[in-house]
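An overview of the molecular structure
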Amino acid sequence: MVDIEQINPRNQAALRAWWEVGHAATAYRPGKPWPVWEQSRVALPADNPERGITLIGAIDGREMVGAGLLTRTLRDNLHSAMAFAYTRPDRVREGIGRRLVEELEVVAAGDGRTTVQSEAYLPPGGSGVPEAFAAAMGYDVASRESIKELTLGDYLARREALAAEAPVPDGYRVITYDTVCPEEHLESFGRLLGMLMTEVPLGELDLEDSEWGPERIRDAEQRQVAIGRHVQTAMALAPDGSVAGVSDVRVDDSDPTYGQVGITLVDPVHRGRRLGLALKVATHDLAVAAYPELVSVDTSNAEVNTWMNAVNDALGYRTIETLLELQKKL
Ligand SMILES: CC(C)(COP(=O)(O)OP(=O)(O)OC[C@H]1O[C@@H](n2cnc3c(N)ncnc32)[C@H](O)[C@@H]1OP(=O)(O)O)[C@@H](O)C(=O)NCCC(=O)NCCS
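Residues numbered from 1 in each chain as written. Predicted model: local features only at pLDDT ≥ 70, side-chain atom pairs only at ≥ 80, totals over all residues. Heavy atoms only, no water.

**Considering unusual backbone geometry**
Even without glycine at this site, T179 takes up a positive phi of about 70°. Along the chain, the position of T179 falls in the loop between β7 (173–178) and α6 (186–193). For T179, a relative accessible area of 6% gives the class buried. Located in the positive-phi region is R274, a residue other than glycine, with phi close to 65°. You can see R274 is positioned in the loop between β10 (258–266) and α9 (275–290). Residue R274 is classed as partly exposed on the basis of its relative accessible area of 44%. (Helix = DSSP H or I, 4+ residues; strand = E, 2+ residues; numbered from the N terminus. Buried < 20%, exposed > 50% of the residue type's maximum accessible area, 1.4 Å probe, protein only.)

Here it is in structure tokens:
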């Protein structure tokens, strides 16, 4: 008999068993589909007033055979939650995934959430089990994205030509920093962050913008510092000193071989000057300089986001997976 139980992320033995299930269930995927243990051990139990998480496990006797995760934002988008289910590969097709998702939906509904989102990863342009599973669970495809990976060799081979192609435009400046935004740019950065949800192509995903005051940004930065995550950031400043654009590459202390692009956003007023490419070259240079062990960086963006795709292709990113953003209204 398989029981579904909540897992306390502060119980390290239970968290480890939960992590092992997710690790095994995602091992078939290319790239870095699952965080290293050290990162999960530190990040999952960390206090975060922005985000609530619920972990559940499918337990058979003394063994964990399925793992589920529900995350929900606590300051904005209070109508939505994200659900993820993982079944140990030797126990698929027994109904465990279905029970995990049903339980996560009960938790979401109990918290007043009416939209549940999820993600399915497939071979590039192909189809697969997660898609069939999502359809069986009543989830619609809200957006198609590409997961892309850049190997350091590919970047270094292109770097000089790219930098020549995307000089910082006249009157603009690009500054870089590790995680903590310089005080004088904080307010203007918050204004740019407030546009994120409107400006990033989200397909049919039901998500709204949110206000980012200085205190909220500072708190978020300190949470990254506390879990050993370095948000290596490049910021473009317009001639009037306001923040025109931003991009970052994140690297965890627990795995300095691997980076992930966080957000990239250029204010619509300042587009058309190749700032996106200039910012990305700056963050990738920063990551290369800060982490001699770095091997690869990955990113994901909507297939309809032609401008971001062109920038990423120029940097040397190659598509390794298709990501379906899924959504179900409860
Ligand atoms: C996707 C996953 C969670 C499914 O887990 P599972 O325990 O095998 O799922 P269930 O047995 O509850 O299957 C539920 C339904 O999904 C569909 N489904 C699941 N696997 C399928 C497969 N291989 N082919 C076709 N349909 C499938 C079926 O409709 C199935 O119902 P049925 O068995 O009555 O026909 C599991 O394969 C997994 O962990 N994959 C890797 C992680 C992942 O992609 N998670 C999903 C996104 S978060």
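**Here's the deal with the nonpolar core**
Residues A58, L70, Y139 and L326 are the most contacted members of the largest nonpolar core, which totals 21 residues. Sort the elements by how many residues they give to this core and helix α3 (residues 96–110) lands first, with six residues. Of all hydrophobic cores here, the second largest spans 19 residues; its members include L150, A166, V261 and M308. (Core = buried A, V, L, I, M, F, W, Y, C linked by side-chain atoms within 4.5 Å.)

**Examining the packing of α6 against helix α8 (residues 214–226)**
Packing of α6 against α8 leaves a shortest axis separation of 9 Å and a crossing angle of 90°. If you check the angle between α6 and α8, you find them roughly perpendicular. Residue-level inspection shows L186, E187, F189, G190 and L193 of α6 in contact with α8, the latter providing P214, I217, R218 and E221. A breakdown of the residues in the contact of α6 with α8 according to their chemical character gives five nonpolar, one polar and three charged. (Axes fitted to C-alpha atoms, helices over the stretch in contact; angles between N-to-C directions. Parallel < 35°, antiparallel > 145°, perpendicular 65-115°, else oblique. Contact = heavy atoms within 4.5 Å. Nonpolar A, V, L, I, M, F, W, Y, C, P; charged D, E, K, R; others polar.)

**A closer look at the site of the ligand**
Around the ligand, the structure places 19 residues, and the nearest of them are T87, R93, G95, G97 and R98. Between the ligand and the protein, one listed contact pairs an oxygen atom with a backbone N or O atom of T87 at 2.8 Å. G97 places a polar main-chain atom, nitrogen or oxygen, 2.7 Å from an oxygen atom of the ligand. Within the complex, 76% of the 910 Å² of free accessible area of the ligand lies under protein. Those elements giving two or more residues to the shell around the ligand turn out to be β4 (80–87), α3, β5 (115–122) and α4 (129–136). The dominant element in the shell around the ligand, judged by the number of residues it contributes, is α4, at five residues. Considering only residue class, the shell around the ligand consists of 11 nonpolar, four polar and four charged. (Near = heavy atom within 4 Å. Polar contact = N/O pair within 3.5 Å; in protein donor to acceptor, adjacent residues only side chain to side chain. Areas by Shrake-Rupley, 256 points an atom, 1.4 Å probe, with all protein chains shown as cover.)

**So, the domain arrangement of the protein**
When its domains are assigned, the protein resolves into domain 1 (2–113) and domain 2 (151–319). When each unit is reduced to the centre of its C-alpha atoms, the spacing between domain 1 and domain 2 is 29 Å. Counting residues at the interface gives 16 residues for domain 1 and 15 residues for domain 2. Taken over both partners, the interface formed by domain 1 and domain 2 buries close to 1,300 Å², and the fraction arising from carbon and sulfur atoms is 45%. In terms of surface lost to domain 2, no three residues of domain 1 exceed K32, Q39 and N77, which account for 41% of the buried area on that side. Across the contact surface, domain 1 and domain 2 share four salt bridges. R223 is the partner of E50 in a salt bridge, and the nearest nitrogen-oxygen pair spans 3.8 Å. Counting every contact that joins domain 1 to domain 2 gives nine residue pairs in polar contact (both at pLDDT 80 or more). (Domains from an automatic or database assignment. Buried area = accessible area lost by both parts, 1.4 Å probe. Salt bridge = Lys/Arg side-chain N within 4 Å of Asp/Glu carboxyl O.)

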